[in-house]
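Chain residues, written in single-letter form:
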Amino acid sequence: MEIPTIDLSMENRTELSKQVVKACEEFGIFKVVNHNVSREVISRIEEEGTEFFAKSNSEKQQAKPFGYGCKNIGTNGDVGELEYLLFPTNPQFISESSKSISNHPNKFSGAINNYIKGAKGVACKILDLVVEGLGVQDKFALSKLIKDVESDSLLRINHYPPSMTTDSEMDPCATGNTNNTIGFGEHSDPQILTIMRFNDVAGLQATTHDGIWFTVPPDPHNFYVIVGDALQVFSNERFTSVRHRVLITDSLKARTSIMYFGAPSLNCLITPLPEMVKPPQNPSRYKPFTWEDYKKAMYSCRLGDSRLDPFKVHND
Ligand SMILES: C=C1C[C@]23C[C@@]1(O)CC[C@H]2[C@@]12CC[C@H](O)[C@@](C)(C(=O)O1)[C@H]2[C@@H]3C(=O)O
Ligand SMILES: O=C(O)CCC(=O)C(=O)O
Ligand SMILES: [Fe+2]
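The name given to the protein in an unreviewed UniProt entry is gibberellin 2beta-dioxygenase, with Arachis hypogaea as the source organism. We quote the UniProt Sequence similarities (unreviewed entry) comment for the protein here in full: "Belongs to the iron/ascorbate-dependent oxidoreductase family. GA2OX subfamily." Listed under Catalytic activity (unreviewed entry) in UniProt, the entry text for the protein is "gibberellin A1 + 2-oxoglutarate + O2 = gibberellin A8 + succinate + CO2".

Below you can see the structure in the form of structure tokens.
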């Protein structure tokens, strides 16, 4: 099972957009190389994450209003063997809140904002290629949604402690993982698409369309792109969102992942792009709903639920 690699420096745009559409259709997860985000931008955010997660439990809890979490994923009882920071990508929000998270707030917010800028740039390039490859007339139909100042995009930094550490009595959030435990349970990402980068510790797995799990190999200098639920709807199911999970294997090193979730604004209508609908053979498979409707539904669900089901039209 080889995950496709898309070289963003390819000059033949028609070929590039074809490759992106094929990768979204056949796998829903692919690697991008020559993405133009510098190694310095990536290593700076990684260093900030490492510094934060190395703090004591009580110090980390103080960052709560900023979105620190330990083990609990969402609010409906899902747990994982990880700690994380989760925040909106708005630069003002990050600048203001970084005071509660770092002793060097300007350095922290600079690293986060620069990374977000890079990841958002990659997301927009991919979405423009998707739209081109699908033959959609409005060239920026999808990238404009995440460029919107009201975009609900998120950044998440996950930290999976190394396996087999023994300091559990001192810090409940640093229990360490035992081999083959679930770090982050099976789910699809709700947004349009996810741009992810993880360090050289393996653990991410994704499913083929036939439901077979495969391992996503680490490549710390490059990004993986994951098709989310909203893109499944915009493409009227030409693409399907990819179920993925993190399985902790034996590692003396912590695993870190940095996820940029590209989302539209709350009032954006999530409905198939006009070119994706051709009744009677290919009618719309979804009732129109806003991103706000979807978020409400999603936060009342468990992590592994198929959250799009209530929005489907049954055409038979
Ligand atoms: C259990 C949950 C956590 C989650 C919100 C939800 O109710 C269902 C979707 C989950 C997820 C998965 C992808 C992202 O990590 C995330 C931030 C998202 O947008 O949807 C998480 C949510 C979360 O951790 O709050
Ligand atoms: O840590 C990872 O590799 C995946 C995490 C993930 O799927 C998420 O944060 O939604
Ligand atoms: Fe995910």
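Asks: I'd like a rundown of the site of ligand 2, residues and numbers included.
Replies: With respect to spatial proximity, 14 residues lie near ligand 2, and among them Asn 158, Tyr 160, His 244, Arg 255 and Ser 257 are the closest. One of the side-chain nitrogen or oxygen atoms of Asn 158 is found 3.1 Å away from an oxygen atom of ligand 2. With respect to ligand 2, the side chain of Ser 257 contributes an N or O atom lying 2.6 Å from an oxygen atom. Only strand 5 (154-160), strand 6 (181-187), strand 11 (244-248) and strand 12 (255-262) provide two or more residues apiece to the shell around ligand 2. For the shell around ligand 2, the element with the most residues is strand 12, which contributes 4 residues. Its residues assigned to classes, the shell around ligand 2 comprises 7 nonpolar, 4 polar and 3 charged.

Asks: Can you explain the site of ligand 1? Please cite residues and give values.
Replies: As a structural note, the neighbourhood of ligand 1 is formed by 16 residues, with Arg 156, Asp 189, Pro 190, Gln 191 and Met 298 the closest of them. Contacts to ligand 1 include Gln 191, whose side-chain N or O atom sits 2.8 Å from an oxygen atom. Between ligand 1 and Met 298 there is a distance of 2.9 Å, counted from an oxygen atom to a backbone nitrogen or oxygen. Expressed as a share of its isolated accessible area of 470 Å², the protein-covered part of ligand 1 is 98%. Across the shell around ligand 1, the residue classes break down as 9 nonpolar, 3 polar and 4 charged.

Asks: How would you summarise the sheet that holds strand 2 (residues 29-33) if you had to cite specific residues and measurements?
Replies: Within the open sheet, the 8 strands sit side by side as 1-2-10-7-12-5-4-3. Their pairing is mixed. The open sheet is flanked by strand 1 (5-7) and strand 3 (68-73), the only strands paired with a single partner. Geometrically, the sheet is characterised by an average inter-axis angle of 30 degrees between neighbouring strands, direction not taken into account. Where strand 7 (residues 193-198) and strand 12 come together, 6 bridges link them in antiparallel fashion. The residue bridging Leu 193 from the neighbouring strand is Gly 262, located in strand 12. Across the face of the sheet, helix 1 (residues 13-26) comes into contact with strand 1, strand 2 and strand 10 (223-227) while running at roughly 160 degrees to strand 1.

Asks: I'd like to hear about the environment of His 187, residue by residue, with values.
Replies: Residue position: His 187 is located in strand 6. Linking His 187 and Phe 53, residues 134 residues apart in sequence, is a C-alpha distance of 24 Å. Residues within four places of His 187 in sequence aside, it is in contact with Val 242, Arg 243, His 244 and Leu 303. Of the polar contacts made by the side chain of His 187, one reaches the side chain of Asp 189; its length is 3.1 Å.

What counts, and where the lines are drawn
Residues numbered from 1 in each chain as written. Chains lettered and ligands numbered in written order. Predicted model: local features only at pLDDT ≥ 70, side-chain atom pairs only at ≥ 80, totals over all residues. Heavy atoms only, no water. UniProt positions renumbered as here; feature names shortened; annotations may be inferred. Near = heavy atom within 4 Å. Polar contact = N/O pair within 3.5 Å; in protein donor to acceptor, adjacent residues only side chain to side chain. Helix = DSSP H or I, 4+ residues; strand = E, 2+ residues; numbered from the N terminus. Nonpolar A, V, L, I, M, F, W, Y, C, P; charged D, E, K, R; others polar. Areas by Shrake-Rupley, 256 points an atom, 1.4 Å probe, with all protein chains shown as cover. Pairing = 2+ DSSP bridges. Axes fitted to C-alpha atoms, helices over the stretch in contact; angles between N-to-C directions. Contact = heavy atoms within 4.5 Å.

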